[in-house]
Amino acid sequence: MWILAFSLFQSILNVVSEDLHSSLYFVNASLQEVVFASTTGTLVPCPAAGIPPVTLRWYLATGEEIYDVPGIRHVHLNGTLQIFPFPPSSFSTLIHDNTYYCTAENPSGKIRSQDVHIKAVLREPYTVRVEDQKTMRGNVAVFKCIISSSVEAYITVVSWEKDTVSLVS
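From a predicted model like this one, the values you see are computed outputs, not experimental measurements. (Residues numbered from 1 in each chain as written. Predicted model: local features only at pLDDT ≥ 70, side-chain atom pairs only at ≥ 80, totals over all residues. Heavy atoms only, no water.)

Colleague: Any chance you could break down the pairing of strand E9 (residues 109-112) for me, citing the residues and the numbers?
Modeller: Looking down a regular strand, the side chains alternate between one sheet face and the other. Of the pairings in the sheet, the one linking strand E8 (residues 97-106) to E9 comprises four bridges and is antiparallel in character. From the neighbouring strand, alanine 104 faces E9, where its bridge partner is isoleucine 111. (Pairing = 2+ DSSP bridges. Helix = DSSP H or I, 4+ residues; strand = E, 2+ residues; numbered from the N terminus.)

Colleague: Outline unusual backbone geometry, listing residues and values.
Modeller: The peptide bond linking isoleucine 51 to proline 52 adopts the cis configuration, its omega dihedral lying at -5°. Note on placement: proline 52 falls in the loop between strand E4 (48-51) and strand E5 (55-60).

Colleague: Describe the packing of aromatic side chains, listing the residues and the values that go with them.
Modeller: Aromatic ring pairs are reported here in terms of the distance separating the ring centres and the angle at which the planes meet. Within the structure shown, the criterion is met by two aromatic pairs. Relative to tyrosine 101, the ring of tyrosine 59 has its centre 5.3 Å away and its plane inclined at 15°; by these criteria the two rings are stacked. Linking tyrosine 59 in strand E5 with tyrosine 101 in strand E8, this pair joins segments that are 42 residues apart in sequence. Centroid distance phenylalanine 86 to phenylalanine 91: 6.4 Å. Interplanar angle 40°. Geometry classified as tilted. Take phenylalanine 86: its relative accessible area is 9%, and that puts it in the buried class. The ring of tyrosine 67 carries the charged tip of arginine 73 above its face, separated from the ring centre by 5.2 Å. For arginine 112, the ring lying beneath its charged end belongs to tyrosine 101, and the centroid distance is 3.6 Å. (Phe/Tyr/Trp six-rings, centres within 6.5 Å; stacked < 30°, edge-to-face > 60°. Buried < 20%, exposed > 50% of the residue type's maximum accessible area, 1.4 Å probe, protein only. Lys NZ or Arg CZ within 6 Å of the ring centre and 35° of its normal.)

Colleague: Before we move on, could you go through the confidence of the model for the protein chain and cite the residues and values that matter?
Modeller: Looking at the protein chain as a whole, the pLDDT averages 83, with 87% of positions reaching at least 70. Here helix H1 (residues 2-20) stands out as the least confident element of the protein chain, with mean pLDDT 40; strand E7 (residues 81-83) is the most confident, with 98. In this model, residues 1-18 is a region of pLDDT below 50 whose contacts with residues beyond four sequence positions or in other chains number zero contacts. (pLDDT = per-residue confidence, 0-100. Contact = heavy atoms within 4.5 Å.)

Colleague: Describe the nonpolar core, with residues and values.
Modeller: Residues Trp58, Leu81, Tyr100 and Ile118 are the most contacted members of the largest nonpolar core, which totals 22 residues. Within the residue set of this core, elements represented by two or more residues are strand E2 (33-37), E5, E7, E8 and strand E10 (116-121). (Core = buried A, V, L, I, M, F, W, Y, C linked by side-chain atoms within 4.5 Å.)

Colleague: Run through the sheet that holds strand E6 (residues 73-75), naming residues and quoting values.
Modeller: Taken in spatial order, the three strands make up an open sheet running E3-E7-E6, and their pairing is antiparallel. The two strands at the open ends of the sheet, each matched to only one other strand, are strand E3 (42-44) and E6. If you compare each strand with its neighbour and ignore which way they point, the axes differ by 15° on average. Taken together, the three bridges between E3 and E7 define a ladder with antiparallel strand orientation. If you follow leucine 43 over to E7, its bridge partner there is glutamine 82. (Axes fitted to C-alpha atoms, helices over the stretch in contact; angles between N-to-C directions.)

Here it is in structure tokens:
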């Protein structure tokens with residue numbers, strides 16, 4: 001009888017011990033957007049961890065679990081999502097401009113990260129030009145800098161020049 005009681009007590013201790021040493025948490029939950037150059041690719045870690053070790057998975061915002069696409073997208077064993085460099089002709093909105101999230105799971109339960117928007121910026125030649133304006137001599141003319149919409153969000157006008165002489169910073 002005493003052996004049975006001791007065995008039951010030991011089992012209870014093991015359960016309590018497992019509960020006390022089991023956790024699931026986010027390491028860094030602030031990642032909301034990843035913008036990367038198509039020529040470099042990117043690595044996006046899943047910001048979760050736990051004890052015992054967690055199983056990490058990546059999903060599209062639609063809830064579809066993502067799969068490896070050789071040479072294009074890969075999920076490493078440590079849960080890091082890798083998107084490989086690619087030429088502009090291989091751009092795919094599904095992979096290169098989409099919203100993802102990851103989950104972490106262990107005996108403590110399952111948690112879901114917030115959405116992370118991953119966006120590739122294509123490294124292509126572009127030109128910046130000044131919009132033609134007409135005005136009469138002595139009047140004010142307002143010039144506008146025209147930047148291609150594909151790179152507009154990543155370009156900042158820092159000065160205006162005429163014949164390589166800076167006009168205004």
